[in-house]
Amino acid sequence: MKYTTKDKAIILLSDGTIFHGKSVGIKGTTTGEICFNTGVTGYQEIFTDPSYFGQIMLSTTAHIGNYGVHTDEVDSDGIKIAGLVCKNFSYNFSRPAAYESLYEYFEKKNLIAVSDVDTRALVSYIRDNGAMNAVISTDGKTIEELKAILNAVPNMNGLELASKVSTTEPYFYGNEDATYKVSALDFGIKTNILRCLAERDCYVKVFPYNTPLSELQKFNPDGYFLSNGPGDPQPLVDVIETAKDIIATDKPVFGICLGHQIIALSQGINTYKMFNGHRGINHPVMNVETNKGEITSQNHGFAVVREEVENNPNVEITHYHLNDNTVAGIRLKDKQVFSVQYHPESSPGPNDSKYLFDQFVSYMKEQKEA
């Protein structure tokens, strides 16, 4: 399927800056925090990652859509981004295994996408001025109308979004006869995380984000998992208290991204909103224990305050980002509790960070055999 008519489109940033592009063919207006991802491949995984909920995705790669859409490359139950901005949008695809074009995929969900944008200029502007709210429109709205819409969009700083993407009812993943049982709190969990746990002989019960420890314990788990997710972690006050309760059980605990931040907050370590955040599949991370680098996939706009980790006698830094020295992993010194600020399941290395799942399982095995 090839769409030929391209109407004019507008990208309006919260500071009043305007960029122009063309509609890929779906009319409408959408808002969110605009941020950029430097990954050259994996666009379907990005679009379906719940951590991107409420964000307009700006892709730095030159072509989007050229390999179509595949059923095995989704990380949730559907598209989570608020909109897409790109340079070249491909209506045709060349991969035989793909079942439809990206345009058809977007059309079903009425996702607003803008192409023919000077993405180099827009990325440079965001790098210099920080991630900010934006509105993209393909339906002819005036600048004044768009400004009024944009003024009503809440700032990501202080915005709780985990409740928007979490499951509303518990569900199971994996083989019920597996050796290990894991209770997972869903703040926006990616399907591939569940696959990685199931591949390691884990049967996972996924719970809504605000489930108390008493309910998590009814599954009689060997360990607890705190998932990735969107938004600011600090408003999740009750969840932070639940994390304290989970850690007090002395069972193994593994956290990724938002889960990592929740673990830090439970130990009195603050988080902060980053100027741009880290989003891409080529982020270099140093493992402090092995002194080896890992190529990681990252997607976060908030981070843990490094100085507060260094000053906490019960917590130590296990990984740090080589570009800016931000905290990329922590561990509680007296417990089998650890977390990372990147996605070990995404495999950009490709297997640089998979050992983290093995480490979690080894902790559970150790306790079962004790």
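Above this text you will find the structure in question.
Residues numbered from 1 in each chain as written. Predicted model: local features only at pLDDT ≥ 70, side-chain atom pairs only at ≥ 80, totals over all residues. Heavy atoms only, no water.

Student: I tried to follow the packing of aromatic side chains on my own but got confused; where do I start?
Tutor: Two aromatic rings are characterised by how far apart their centres lie and by the angle between their planes. This structure, assessed with the given rule, holds 15 aromatic pairs. For the pair Phe47 and Phe106, a centre-to-centre distance of 5.5 Å together with 55 degrees between the ring planes defines the contact as tilted. On the criterion of sequence distance, the pair formed by Phe47 in helix 1 (residues 43–47) and Phe106 in helix 2 (residues 102–109) is long-range, its members being 59 residues apart. What makes Phe47 buried here is its relative accessible area of 2%. Taking relative accessible area as the criterion, Phe106 reaches 0% and is therefore assigned buried. Measuring from ring centre to ring centre gives 5.2 Å for Phe89 and Tyr91, while their planes differ by 65 degrees; the resulting arrangement is edge-to-face. (Phe/Tyr/Trp six-rings, centres within 6.5 Å; stacked < 30°, edge-to-face > 60°. Helix = DSSP H or I, 4+ residues; strand = E, 2+ residues; numbered from the N terminus. Buried < 20%, exposed > 50% of the residue type's maximum accessible area, 1.4 Å probe, protein only.)

Student: Before we go on, may I ask you to explain the pattern of salt bridges in this structure?
Tutor: Side chains that carry opposite charge are capable of pairing whenever their charged atoms lie near each other. All told, the structure shown has 19 salt bridges when counted by the stated rule. A salt bridge links Arg279 to Glu33, with the nearest nitrogen and oxygen atoms 4.0 Å apart. In this pair, Arg279 sits in strand 15 (residues 271–287) while Glu33 sits in strand 3 (residues 29–37), placing the two residues 246 residues apart along the sequence. In this structure Glu33 comes out as buried when scored by relative accessible area, which is 3%. (Salt bridge = Lys/Arg side-chain N within 4 Å of Asp/Glu carboxyl O.)

Student: Can you help me understand the environment of Pro348 in this one?
Tutor: Its location among the elements puts Pro348 in the loop between strand 19 (337–340) and helix 11 (355–369). On the basis of relative accessibility, which here comes to 29%, the residue Pro348 falls in the partly exposed class. With 265 residues separating them in the primary sequence, Pro348 and Gly83 have C-alpha atoms 24 Å apart. Residues in contact with Pro348, not counting those within four places in the same chain, are Ile281, Ile295, Thr296 and Ser297. (Contact = heavy atoms within 4.5 Å.)

Student: Would you mind going over the nonpolar core with me for this structure?
Tutor: Soluble globular proteins: nonpolar side chains tend toward being buried together. Within the largest apolar cluster, 42 residues are counted, with the highest numbers of intra-cluster contacts made by Ile11, Ile34, Phe47, Leu84, Phe89, Phe106 and Leu122. The dominant element in this core, judged by the number of residues it contributes, is helix 2, at four residues. In this structure, Phe106 is in contact with Ile26, Phe47, Ile79, Leu84, Phe89, Leu111 and Ala113, ignoring residues within four places of it in sequence. Phe207, Tyr209, Val309 and Ile317 belong to the second-largest nonpolar core, a separate cluster that totals 33 residues. (Core = buried A, V, L, I, M, F, W, Y, C linked by side-chain atoms within 4.5 Å.)

Student: Please clarify how empty space enclosed by the protein should be interpreted in this entry.
Tutor: Left-over empty space is what a probe sized like a water molecule reveals as it rolls over the atoms. One pass over the full model with this rule turns up two cavities of 30 Å³ or more. The calculated volume of the largest cavity comes to roughly 170 Å³. Contributing to the lining of the largest cavity are 18 residues, with Ser51, Gly231, His300, Gly301 and Phe302 lying nearest its centre. Elements with a minimum of two residues in the lining of the largest cavity: helix 9 (258–266), strand 15 and strand 16 (292–304). The biggest single contributor to the lining of the largest cavity is strand 16, with four residues. Taken together, the residues that form the lining of the largest cavity break down as seven nonpolar, eight polar and three charged. (1 Å grid on protein atoms, 1.4 Å probe; cavity = no way out; pocket = protein on both sides within 12 Å on 5 of 7 lines; lining within 4 Å. Points joined across faces, edges and corners; volume = space filled by probe spheres on them. Nonpolar A, V, L, I, M, F, W, Y, C, P; charged D, E, K, R; others polar.)

Student: Help me understand the pairing of strand 18 (residues 327–332), please; the structure alone is not making it clear to me.
Tutor: When a strand is regular, its side chains alternate between the sheet's two faces. Extensive coverage of strand 18 is indicated by the burial of six of its six residues. Taking the residues that link successive antiparallel strands as the turn, the strand 17 (residues 315–321)-strand 18 hairpin has five residues, and the phi of Asn325 there is positive, at about 65 degrees. Two strands pair when backbone bridges link them, and strand 18 and strand 19 are joined in this way by three bridges, in the antiparallel orientation. Bridge pairing in strand 19 links Arg331 to Phe338. Counting the residues that bridge the hairpin from strand 18 to strand 19 gives four residues. (Pairing = 2+ DSSP bridges.)

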